[in-house]
Amino acid sequence: MLFGYWRRYLKGAPEYLARHYWWTYLSPSGVWFFDHDCVINLILFGKYRVILNEVSRRYSTMTCDRTLQLTCAYGALSPTLAQSSNTREFHVIDVASIQLEATRSKLKANFPKVNMVRMNVESLAYSNDSFDCIVIFFLLHELPAQARERALSEAIRLLKPKGQLLIAEYGENLSVHWLHRFTPWCWILGKLEPFLHDFWHSNLTQQLAQIAVQQNKPLCSHSETSLFNGFYRVIEYRV
Ligand SMILES: C[S@@+](CC[C@H](N)C(=O)[O-])C[C@H]1O[C@@H](n2cnc3c(N)ncnc32)[C@H](O)[C@@H]1O
C-alpha cells in the first residue's frame, strides 16, 4: 500500500532522481519542508537572497521576450522572473508533477503568460531556436554527467541566435574555499549530492563551448559573478 502511494510520485522520474533525490523533490513532505526561504538559506549558507538577487539583476538587463526556466526551484525564483518587466512569455518545465504544482501555486494569475509543462530536461519538445533566455538554477550539479551533457545540449539548441543562458550554480572546486577543504562537510555533501563532486571538477564553460560549436552556435560571450568567495557563481552566456 505504501509502495502504491509512493509510485504515484515516482512515476516517470529519471532513475537518478527517484533514487537520490526522492526525499527532497518527489515526496510531498519534502516539498513542503524544503520550500521555505529559511531552509533554502540554511542549505546555501545564508546566500540564497544574494544568489537570487544576482540572477534577478542580470535577468533584468536581458532580452527575455520568451523565457524558459529549466526545472522548478524552491523559493522565489519563478515568481521573480515571471514578474520581471521584460518577461513577456514565461515557460517552466520539470519532470515532477508535484514540483510543477508547487510552482504553479506561487505564480498568481496576474503574471505574464505562464506555461508549465512536464518534460525531461534531457529531451525537450520545443523546436530549435525558440527562446530568448533560458535560466538554470542549481540543477546541473544534481545531474549525472551524461544527463548534464544532454541538458546543456538541449539548452543551446533551444536558444535563438543571440539568446542568453543564465546559470546559478556551485563554483568550480579549486580547493581554495575553506568549505572545499573541510573534509567532514565534503563527505556529508557527497552523500547528499552524489553528482556534485563530478560537477565541481568539470569545466562548465569549456563543456558548453564545445556543445555550442557542435551545434554551429558558438558562444559569443560569457560573464561570471563569483559569490561567497567562489563557492557559488552566476554565469551569463550568449550564443
Ligand atoms: C532545479 S533543481 C534544484 C533546485 C534547487 N535545489 C532549488 O530548489 O532551489 C531541482 C528540480 O529539478 C527537477 N529535475 C531533476 N532532474 C530533472 C530532469 N531530468 N528533467 C526535468 N526536471 C528534473 C526536479 O524535479 C526538481 O524540481
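The structure this text deals with has already been given above.
Just so we're clear, the structure is a prediction, and the values are computed from it rather than from any experiment. The written sequence of each chain sets the order in which its residues are numbered from 1. Residue-level local features of this predicted model are given only where pLDDT is at least 70; pairs of side-chain atoms are given and counted only at 80 or more, and the full residue set underlies all totals for whole chains, interfaces and linings. The basis for every side-chain value is the complete set of heavy atoms in the structure, and neither hydrogens nor water enter the calculation.

Asks: So what exactly am I meant to see when it comes to the overall build of the protein here?
Replies: Helix and strand counts for the protein stand at 13 helices and 7 strands. This radius of gyration counts C-alpha atoms alone. The globule rule is 2.2 Å times how many residues there are, raised to the power 0.38. Taken over the C-alpha trace, the protein has a radius of gyration of 17 Å; the compact-globule value for 239 residues is 18 Å, and the two agree within 12%. By its C-alpha atoms, the protein is 50 × 45 × 30 Å across when sized along the principal axes. Only protein chains enter the accessibility calculation, which uses a 1.4 Å probe. A residue is then buried if its area is under 20% of the maximum for its type, exposed if over 50%, and partly exposed in between. Burial statistics for the protein: of 239 residues in total, 53% are counted as buried. The contact criterion used throughout is that any non-hydrogen atoms of two residues lie within 4.5 Å. Here the analysis covers contacts within the protein between residues at least 6 apart in sequence; of these, 71% occur between residues at least 24 apart. Surface accessibility of the protein: about 11600 Å² in total, with carbon and sulfur atoms responsible for 56%. In this text, helices come from DSSP runs of H or I with a minimum length of four residues, and strands from runs of E with a minimum of two, each type numbered from the N-terminal end. The method behind every accessible area is Shrake-Rupley, applied with a 1.4 Å probe, and residues are considered shielded solely by the protein chains displayed.

Asks: Help me out: how do you make sense of helix α6 (residues 48–60) in this one?
Replies: Turn by turn, an α-helix covers 3.6 residues, leaving residues three or four places apart pointing in a common direction. For α6, spanning 13 residues, the distance from its first C-alpha to its last is 18 Å, which sits close to the expected 18 Å at 1.5 Å a residue. By the burial criterion, the buried members of α6 are Tyr48, Ile51, Leu52, Glu54, Val55, Arg58 and Tyr59. All buried residues of α6 project into a common sector of 160° when viewed along the axis, lining one side. Expected helix span is computed as 1.5 Å times (number of residues minus one). This arc is built from the directions going out from the helix axis to the C-beta atoms.

Asks: Explain the site of the ligand here, please?
Replies: Throughout this document, a residue counts as near a molecule or strand when at least one of its heavy atoms sits within 4 Å of that molecule or strand. As a matter of local geometry, the ligand sits amid 21 residues, with Tyr16, Tyr25, Thr71, Tyr74 and Asp94 nearest to it. Polar contact is the term for a pair of N or O atoms within 3.5 Å; when the atoms are in protein, one must be able to donate a hydrogen and the other to accept it, and sequence-neighboring residues count only if both atoms are side-chain atoms. Side-chain polar atom of tyrosine 25 to a nitrogen atom of the ligand: 2.8 Å apart, as the coordinates give it. In this structure, an oxygen atom belonging to the ligand sits 3.5 Å away from a side-chain N or O atom of threonine 71. The protein chains hide 94% of the 600 Å² of surface that the ligand would expose on its own. Residue classes in the shell around the ligand are distributed as 15 nonpolar, 3 polar and 3 charged. Following the grouping adopted for this structure description, the nonpolar residues are Ala, Val, Leu, Ile, Met, Phe, Trp, Tyr, Cys and Pro, the charged ones are Asp, Glu, Lys and Arg, and the polar ones are all others, Gly among them.

Asks: Before we go on, may I ask you to explain the sheet that holds strand β2 (residues 89–94) in this structure?
Replies: Picture the strands of a sheet paired through backbone hydrogen bonds; they go either parallel or antiparallel. At least two DSSP bridges between two strands are required for those strands to pair. Taking strand neighbours across the sheet as the criterion, the 7 strands line up as β3-β2-β1-β4-β5-β7-β6 in an open arrangement whose pairing is mixed. If you trace the sheet from one side to the other, it starts and ends with β3 (113–118) and β6 (221–227), each paired once. Neighbour to neighbour, the strand axes of the sheet diverge by 15° on average, direction disregarded. Looking at chain direction, strand β1 (residues 66–70) and strand β4 (residues 131–137) are connected through 3 bridges and run parallel. For glutamine 69, the partnering residue across the bridge sits in β4 and is valine 135. Between N-to-C directions, angles cover 0 to 180 degrees, with each direction set by a line fitted to C-alpha atoms, over the stretch in contact for helices. Strands in contact with α6 are β1, β4, β5 (159–170), β6 and β7 (232–238); relative to β6, the strand with the most contacts, it is inclined by about 155°.

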